[in-house]
Amino acid sequence: DAGVTQSPTHLIKTRGQQVTLRCSPKSGHDTVSWYQQALGQGPQFIFQYYEEEERQRGNFPDRFSGHQFPNYSSELNVNALLLGDSALYLCASSFRAATNIQYFGAGTRLSVL
Amino acid sequence: SQQGEEDPQALSIQEGENATMNCSYKTSINNLQWYRQNSGRGLVHLILIRSNEREKHSGRLRVTLDTSKKSSSLLITASRAADTASYFCATLPWEGAQKLVFGQGTRLTINP
């Protein structure tokens, strides 16, 4: 049973560029949440997708957008990258109705130069 | 913004000793969860305690919750070198919400 998978593992971009991160949820899960974790900090909630719609959103600008596909996989897009966007981006999946436990992927380390 | 504070920020103990980490939060919660993170990678869920529970055990882990003080503690007994990691508490604000609000974490080092 595959867990949550994220790609790529590492990514280096320059300021102003755009980036797309990908996530495949754990088998049987239909909800994907994205978190940003700056160095030395706890993860911060970006948004959550369920039934291909954004259901909840944290305090992040519109430069952060996402998408969920019919197979429940998800993408996180960040436009006009800033140096401060450098962080570990974590994807978590869950089954909406059954439990509040979220299962996390290993993350994508984004460095903005 | 972070939900609350974790204490201590860093903890270093000898293998075999017990490790206690504390978490305080600011708002009412549905449940509180503890996660472990190794070397800045993905988080592993350890234990969940609901707002109507006071204590929960899982293997070498013991979690307590005091909703009147808005605080929780995680006790790891008989620590092992493999327990070296960062530990985060996360709260779920209300029933049905799945937005976890994390603390800043405790960095635990177990010395052999």
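Everything that follows concerns the structure shown earlier in this document.
Residues numbered from 1 in each chain as written. Chains lettered and ligands numbered in written order. Predicted model: local features only at pLDDT ≥ 70, side-chain atom pairs only at ≥ 80, totals over all residues. Heavy atoms only, no water.

## Here's the deal with the overall build of chain B
Part 1 of the reasoning: Each helix and strand counted, chain B has zero helices and eleven strands in total.
Part 2 of the reasoning: Counted from the first residue to the last, chain B has its helices and strands arranged as β-β-β-β-β-β-β-β-β-β-β.
Part 3 of the reasoning: Taking 2.2 N^0.38 as the reference for a compact globule, 112 residues should give roughly 13 Å; the C-alpha atoms of chain B span a radius of gyration of 13 Å, in line with that estimate.
Part 4 of the reasoning: Within chain B, buried positions represent 47% of all 112 residues.
Part 5 of the reasoning: Nonlocal contacts in chain B, meaning residues at least 24 apart in sequence, comprise 54% of its contacts between residues at least 6 apart.
Part 6 of the reasoning: When the accessible surface of chain B is split by element, carbon and sulfur atoms take 46% of a total near 5,100 Å². (Helix = DSSP H or I, 4+ residues; strand = E, 2+ residues; numbered from the N terminus. Rg over C-alpha atoms; globule rule 2.2 N^0.38 Å. Buried < 20%, exposed > 50% of the residue type's maximum accessible area, 1.4 Å probe, protein only. Contact = heavy atoms within 4.5 Å. Areas by Shrake-Rupley, 256 points an atom, 1.4 Å probe, with all protein chains shown as cover.)

## Comments concerning the interface of chain B and chain A
Part 1 of the reasoning: Every contact between the two is made by 24 residues of chain B and, on the other side, 28 residues of chain A.
Part 2 of the reasoning: Roughly 2,000 Å² is buried in total at the junction of chain B and chain A, and carbon and sulfur atoms are behind 45% of that figure.
Part 3 of the reasoning: One can count zero salt bridges joining chain B with chain A.
Part 4 of the reasoning: For the interface between chain B and chain A, the tally reads five residue pairs in polar contact (both at pLDDT 80 or more).
Part 5 of the reasoning: Those elements giving two or more residues to the side of chain B that touches chain A turn out to be strand E4 (31-37), strand E5 (43-50) and strand E9 (85-92) of chain B. (Buried area = accessible area lost by both parts, 1.4 Å probe. Salt bridge = Lys/Arg side-chain N within 4 Å of Asp/Glu carboxyl O. Polar contact = N/O pair within 3.5 Å; in protein donor to acceptor, adjacent residues only side chain to side chain.)

## Topic: the state of the cysteines
Part 1 of the reasoning: Per the stated rule, a full pass over the model turns up two disulfides over all chains.
Part 2 of the reasoning: Paired through a disulfide, Cys23 of chain A and Cys91 of chain A show a sulfur-sulfur distance of 1.8 Å. Of note, the bridge from Cys23 of chain A to Cys91 of chain A carries an S-S torsion of about -55° and is left-handed in sense. Taken together, the residues Cys23 of chain A in strand E3 (residues 19-24) and Cys91 of chain A in strand E9 (residues 87-94) connect sequence positions 68 residues apart. With respect to burial, Cys23 of chain A and Cys91 of chain A carry one shared label: buried.
Part 3 of the reasoning: Note that Cys23 of chain B is cross-linked by a disulfide to Cys89 of chain B, the S-S spacing being 2.0 Å. Handedness of the Cys23 of chain B-Cys89 of chain B disulfide follows from its S-S torsion of about 65°: it is right-handed. One end of the pair, Cys23 of chain B, is in strand E3 (residues 19-24); the other, Cys89 of chain B, is in strand E9, and 66 residues separate them in sequence.
Part 4 of the reasoning: Given the relative accessible area of 2%, Cys23 of chain B is considered buried.
Part 5 of the reasoning: Given a relative accessible area of 4%, Cys89 of chain B falls into the buried group. (Disulfide = S-S within 2.5 Å.)

## Digging into the pairing of E9 of chain A
If a strand is regular, its side chains alternate between the two faces of the sheet.
Residues and elements named next belong to chain A.
Part 1 of the reasoning: E9 sits mainly inside the fold: eight of its eight residues count as buried.
Part 2 of the reasoning: The alternating pattern of E9 places Ala87, Tyr89, Cys91 and Ser93 and Leu88, Leu90, Ala92 and Ser94 on opposite faces, both of which are buried.
Part 3 of the reasoning: Of the strand pairs in this sheet, strand E4 (residues 31-37) and E9 are connected by seven bridges, and their pairing is antiparallel. Residue pairing for E9: Tyr35 is matched across the bridge by Leu90.
Part 4 of the reasoning: The pairing of E9 with strand E11 (residues 108-112) spans three bridges and is antiparallel. When the bridges of E11 are listed, Ala87 appears paired with Leu110.
Part 5 of the reasoning: In the sheet, E9 pairs with strand E10 (residues 103-104) via two bridges, with the strands oriented antiparallel. (Pairing = 2+ DSSP bridges.)

## Quick word on unusual backbone geometry
Part 1 of the reasoning: Here Ser7 of chain A and Pro8 of chain A are connected by a cis peptide whose omega angle stands at -10°.
Part 2 of the reasoning: Mapped onto the elements of the fold, Pro8 of chain A is located in the loop between strand E1 (5-7) and strand E2 (10-13).
Part 3 of the reasoning: Of the consecutive residues Asp7 of chain B and Pro8 of chain B, the connecting peptide bond is found in the cis state with omega at 0°.
Part 4 of the reasoning: Within the secondary structure layout, Pro8 of chain B lies in the loop between strand E1 (5-7) and strand E2 (10-14).

## Notes on the sheet that holds strand E8 (residues 74-78) of chain A
Residues and elements named next belong to chain A.
Part 1 of the reasoning: Ordered by their spatial adjacency, four strands build an open sheet running E1-E3-E8-E7, and the pairing between neighbours is antiparallel. The outermost strands of the open sheet, each flanked by one partner alone, are E1 and strand E7 (64-68). On average, adjacent strands in this sheet sit at an angle of 20° to one another, irrespective of strand direction.
Part 2 of the reasoning: Pairing between E3 and E8: five bridges, direction antiparallel. Following the sheet pairing, Arg22 is matched in E8 by Glu75. (Axes fitted to C-alpha atoms, helices over the stretch in contact; angles between N-to-C directions.)

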